[in-house]
Amino acid sequence: MTRLTLLAFLFAASVLPATAQALSRADSLHASGDLETALQVLDSLLVNKGPGPEVSWRAARAAVNRGILIEQEDGDAAKEAYLQAETHALAGIEVDETDALAWEWLAIARGRRTLTEGLRTRATLVNGVREASMQALALDSLRSGAHHVLGMWHAEVRRLHTF
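Keep in mind that this is a model prediction, so the values were computed, not measured.

> Outline the overall build of the protein, listing residues and values.
Broken down by element type, the protein carries 7 helices and 0 strands. Helices and strands in the protein line up, N terminus first, as α-α-α-α-α-α-α. Taking all 163 residues of the protein together, the buried fraction comes to 42%. A sequence separation of at least 24 residues applies to 54% of the contacts in the protein between residues at least 6 apart. For the protein, the accessible surface area stands at approximately 9400 Å², while carbon and sulfur atoms represent 57% of it.

Okay, structure coming up:
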C-alpha cells in the first residue's frame, strides 16, 4: 500500500464517523422538535461535505417540517422553507437519482408548497408533485409519504377540475 493510499484511507476513516455523528445529532434534534438547530447541523454538513443522499433528504425533511410549524403565523416564511426543502432534495437527487427518500421529500416539499400558492400557480406546480411521487414509488413502493402525497395530488386535481 502506497503512502498516499494509506493517508487517504486514514482520512476517510476519520471523516466518516464525524459525518455519522452529525447525522445522528441532526436526527435527534429533529425528533425533539428543534428543527432550526437540526437545519444548522445539516447545512453545515452540506457546506463542508457537499450534498449527499443521507444529508440532503434529512435537510429537506427538517425544512418541510419547519415550514409546517410556521405556516399559520408566517405563510411567506413557510413558502421559503418549502423552497429550501426542494433545493435540498434536488441536490440529493443530483448526487444519487436512485434515492427514494430524496424523491419522497421532494414530492412532500412541492406538495406543501402548492398548498400555499394561489389557484393559478397551484395548477402549474401540481405536475411536479405527481412526478416526484411517482419516481419515489418507482424506486421504493413502500414509501408512505409518497403514497400520501399522490393521494393528496389526486384530490387536488379533482378540486381543480370541478366545474
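> Got a sec to walk through helix H6 (residues 119–139)? Specific residues and values, please.
At 3.6 residues per turn, the α-helix brings residues three or four places apart onto the same side. For H6, which comprises 21 residues, the first-to-last C-alpha distance of 31 Å matches the rise-based estimate of 30 Å (1.5 Å per residue) to within 8%. Its axis deflected by about 35° at leucine 125, H6 carries its strongest bend there.

> Now, about the side chain of arginine 113: what can you tell me, with residues and values included?
Mapped onto the elements of the fold, arginine 113 is located in helix H5 (residues 100–116). Beyond its immediate stretch of four places on either side in the chain, arginine 113 contacts Tyr82, Leu83, Glu86 and Leu125.

> Which residues make up the side chain of threonine 19, and what values go with them?
By the secondary structure assignment, threonine 19 is in helix H1 (residues 3–31). Contacts of threonine 19, omitting those with residues within four sequence positions, involve Leu45 and Lys49.

> Pulling in residues and values, what's your account of the confidence of the model for the protein?
Low-pLDDT stretches of the model should not have their predicted coordinates read in fine detail. Mean pLDDT over the protein: 87, with 88% of residues reaching 70 or higher. In the model, residues 6–15 has pLDDT below 50 throughout and makes 3 contacts with residues more than four positions away in sequence or in other chains.

> Go over the environment of arginine 113, please, and point to the residues and values.
Residue classification places arginine 113 among the buried residues on the basis of a relative accessible area of 17%. For the pair arginine 113 and glutamate 86, spaced 27 residues apart in sequence, the C-alpha to C-alpha distance is 9.3 Å.

> Provide a residue-level description of the packing of aromatic side chains, including the pertinent values.
Scanning the entire structure with this criterion turns up 0 aromatic pairs. Directly above the ring of tryptophan 153 sits arginine 130, whose terminal nitrogen or CZ lies 5.4 Å from the centroid.

> I'd like a description of the pattern of salt bridges, backed by residues and values.
Tallying each qualifying case throughout the model produces 11 salt bridges. Between glutamate 71 and arginine 112 there is a salt bridge; the shortest N-O distance is 3.1 Å. One end of the pair, glutamate 71, is in the loop between helix H3 (53–70) and helix H4 (75–95); the other, arginine 112, is in helix H5, and 41 residues separate them in sequence. Here glutamate 117 ties to arginine 113 by a salt bridge, and the two come within 3.8 Å at their closest N and O atoms. The same class applies to glutamate 117 and to arginine 113, which are both buried. Through salt bridges with shared partners, a single network forms among Lys79, Glu86, Arg110, Arg113 and Glu117.

Procedures and definitions
- Residues numbered from 1 in each chain as written.
- Predicted model: local features only at pLDDT ≥ 70, side-chain atom pairs only at ≥ 80, totals over all residues.
- Heavy atoms only, no water.
- Helix = DSSP H or I, 4+ residues; strand = E, 2+ residues; numbered from the N terminus.
- Buried < 20%, exposed > 50% of the residue type's maximum accessible area, 1.4 Å probe, protein only.
- Contact = heavy atoms within 4.5 Å.
- Areas by Shrake-Rupley, 256 points an atom, 1.4 Å probe, with all protein chains shown as cover.
- Expected span 1.5 Å × (residues − 1).
- Bend = angle between axes of the 7 residues up to and from the residue.
- pLDDT = per-residue confidence, 0-100.
- Phe/Tyr/Trp six-rings, centres within 6.5 Å; stacked < 30°, edge-to-face > 60°.
- Lys NZ or Arg CZ within 6 Å of the ring centre and 35° of its normal.
- Salt bridge = Lys/Arg side-chain N within 4 Å of Asp/Glu carboxyl O.

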